[in-house]
Amino acid sequence: MENRRKAAKAFTPLSHPAPYQTVVVGGGISGLLAAWDLQEAGFKVTIYDASASWGGCVGRHEVAGVVLDSGAESFATRNTAVSELAAELGLGDKVVEPNPAGAWVWLPDGPVPLPRTGVLGIPSDLGAPEVRQALGASGVLRAALDAKMPVNIGTTEATMSVADLVRARMGKRVLERLVAPVVAGVHSASAELLDVDVVAPGLRAGIRDHGSLAAAVAAQRDRGLGSKPGAAVGGLVGGMHTLVDALVEKLQEAGVSMHLGHKVKAIYRGDIDDAPTPTYDGGEPSPWIVEWEHGTTHGYLAAKLLVMATDGPMAVKLLAPEMPELLPFTPAPGPDIRLVTLVVDVPELDSAPRGTGVLVAPSVETITAKALTHSTAKWHWLADSTGPGTHVVRLSYGRAGTKPADAVRLTANTPTESDLIATALADATTMLGVEVSEADLLGADVVRWQGALPFAAVGHHEKIAHVHSLANDVPGLVLTGAWMTGNGLAAVVSGTRRQIRAVVDASKRL
Ligand SMILES: Cc1cc2nc3c(=O)[nH]c(=O)nc-3n(C[C@H](O)[C@H](O)[C@H](O)COP(=O)(O)OP(=O)(O)OC[C@H]3O[C@@H](n4cnc5c(N)ncnc54)[C@H](O)[C@@H]3O)c2cc1C
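Residues numbered from 1 in each chain as written. Predicted model: local features only at pLDDT ≥ 70, side-chain atom pairs only at ≥ 80, totals over all residues. Heavy atoms only, no water.

Before going further, it helps to examine the sheet that holds strand S16 (residues 288-294). Spatially, three strands are ordered S14-S16-S17 in an open sheet, and the strand pairing comes out antiparallel. Every interior strand has two partners, whereas the edge strands, strand S14 (263-269) and strand S17 (297-303), have only one. Each neighbouring strand pair of the sheet contributes to a mean axis angle of 20°, computed without reference to strand direction. Bridging between S16 and S17 involves seven bridges; their strand directions are antiparallel. Residue Trp292 lies in a different strand from S17, and its bridge partner there is Gly299. In this fold helix H10 (residues 312-319) packs onto S14 and S16, with an angle of close to 40° to the strand it touches most, S14. (Pairing = 2+ DSSP bridges. Helix = DSSP H or I, 4+ residues; strand = E, 2+ residues; numbered from the N terminus. Axes fitted to C-alpha atoms, helices over the stretch in contact; angles between N-to-C directions. Contact = heavy atoms within 4.5 Å.)

Here's what the structure looks like:
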């Protein structure tokens, strides 16, 4: 790299009025949204994505003729970022709540309904029958101490894991029987590892405001979907991938330069000596030069503003030659997750025997999956489209920070697609309590998400604050995406928009 660069000359900060030539690297939801907000503000945007389709983890696939989400399938409603974006894109009337039947949790002693009024499995109403069923009388008594203890317990420490907070305030049974299964299902990581302030922002502050952890959870749940209290998640009729479709359509209409199958392989500051130095509008020297490859061709693009919206390890790898100070902050890649989607003809599932699905406690050894979503029970629009008797069931495998049977068995033996489908059929039969066999299969698909779900380990908040301050010292650079904003659509959409708004506001002040 060093010999390819003529000079790492200090470049001019953003000092010219928009439109800036902007390059966005990564076309997941964060990159697409950054591109959208920047072009709306008058920036001239080019976006590259290495893969064959837009949306990153908000993907789609077709199984037995049904178009389904292959990654994210819902969004948290603790903020209104996603529903507002949907409305802006003309999808406001497609925002829906899932079936209120709720999910189940599989414990070492069998399945019980998951309390419906929780956040991350932390219950808000200790009097609910499902809470008593899951915890037993002694577990409820211990959890109730939460309301009697001082608010400083769990709120004064600088950083804290989800497990430490729950253990301190509500006890071990709440942690092991409710929180651990939910956290493993949603974040693919152990509650011992996860930074509570990243995965449940505002919850610790809520203890101070409302007097207890249960009350803080209740307050978050009351915010619900927009003005409707209750549902912790929302979805879109047609699937979450329709949000990506709508964004891509808007970007294309707006004339944003969009390039799929273009992997960005290097990023330079200043000039490069073995290629004609690209200039951007007005022939000014380029603060950033992005080198891309597409099959056997490659090229360069000069830009004044660089938005990195890839996963964390890739962002650091691409920027490190120019910003070696980022290297100590390289995030660990997320666990290897496999999603097995089964479309089956099993009329007994019309009664939704396990509500919207099942989360499996990490200590359960008889089930390999970490979670099962009964998609046709969860989303009415999907059941309407498949018709009675036909069901979509999605099982997920792989989690970090625990040593469950699934991590060991599935990663060590590199199972084939048919091994995974056979395992999924066996797990579905156990979890749903209804025989789901190969003969019932109308179609199946296995999607592998490698390192795509980074988890926020304790201390992540501080680490990212540091990365932000390093990036802020470099004019014309924005680092965004789930590793910077927190995982999940609610965090990614609100975080990306906040960052882009700051760039646009700063450009207006010049
Ligand atoms: C299986 C799964 C299920 C999930 N379910 C949910 C859910 O139900 N609800 C929820 O809220 N969240 C869910 N999430 C999390 C959520 O999907 C992500 O947090 C969010 O989509 C991340 O968006 P992003 O744009 O930051 O990153 P990504 O979606 O990872 O996008 C990054 C993009 O960068 C591209 N890229 C990488 N390197 C390069 C390069 N060198 N050059 C060019 N392009 C590059 C990639 O191709 C990719 O498209 C799920 C995630 C997974 C993996």
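Don't stop here, the text continues.
Below, the discussion takes up the confidence of the model for the protein. For the protein, the average pLDDT comes to 87, and 87% of its residues sit at 70 or higher. Within the model, pLDDT remains below 50 along residues 1-18, and this stretch shows 46 contacts once partners closer than five positions in the same chain are excluded. Between residues 225-230, whose pLDDT stays under 50, and residues either more than four places distant or in other chains, the model counts 15 contacts. (pLDDT = per-residue confidence, 0-100.)

Looking at the secondary structure, you find Thr297 in strand S17. Reaching out from Thr297, the side chain makes a polar contact with the backbone oxygen of His294 at a distance of 2.8 Å. (Polar contact = N/O pair within 3.5 Å; in protein donor to acceptor, adjacent residues only side chain to side chain.)

What follows covers the site of the ligand. Taken together, 36 residues form the shell around the ligand, and within it Ser30, Asp49, Ser74, Asn487 and Leu489 come nearest. Within the contact set of the ligand, a nitrogen atom lies 2.7 Å away from a backbone nitrogen or oxygen of Ser74. Take Leu489: an N or O atom from its main chain is 2.7 Å from an oxygen atom of the ligand. When isolated, the ligand has an accessible area of 1,000 Å², and the protein chains bury 88% of it. Every element with two or more residues in the shell around the ligand is listed here: helix H1 (29-40), strand S3 (44-49), S14, H10 and helix H17 (489-509). Of the residues that constitute the shell around the ligand, the class distribution is 18 nonpolar, 14 polar and four charged. (Near = heavy atom within 4 Å. Areas by Shrake-Rupley, 256 points an atom, 1.4 Å probe, with all protein chains shown as cover. Nonpolar A, V, L, I, M, F, W, Y, C, P; charged D, E, K, R; others polar.)

Attention now goes to the packing of aromatic side chains. Evaluated as defined, the whole model comprises one aromatic pair. Aromatic pair Tyr48 and Trp292: ring centres 6.3 Å apart, planes at 35°, arrangement tilted. Within this pair, whereas Tyr48 is found in strand S3, its partner Trp292 is found in strand S16, the two being separated by 244 residues in sequence. Trp292 matches Tyr48 in its accessibility class, with the two residues each being buried. (Phe/Tyr/Trp six-rings, centres within 6.5 Å; stacked < 30°, edge-to-face > 60°. Buried < 20%, exposed > 50% of the residue type's maximum accessible area, 1.4 Å probe, protein only.)

Another aspect to go through is the nonpolar core. Soluble globular proteins tend to bury their nonpolar side chains together. In terms of nonpolar packing, the biggest core is built from 67 residues, with Val162, Val179, Leu342, Leu395 and Met431 touching the most fellow members. Sorting elements by how many residues they give to this core places helix H14 (residues 417-432) first, with seven residues. Counting only domains with at least three residues in this core, you end up with domain 2 (114-229) and domain 3 (335-450). Counting residues in hydrophobic clusters, the runner-up holds 42 residues, among them Ile47, Trp54, Ala309 and Val493. (Core = buried A, V, L, I, M, F, W, Y, C linked by side-chain atoms within 4.5 Å. Domains from an automatic or database assignment.)

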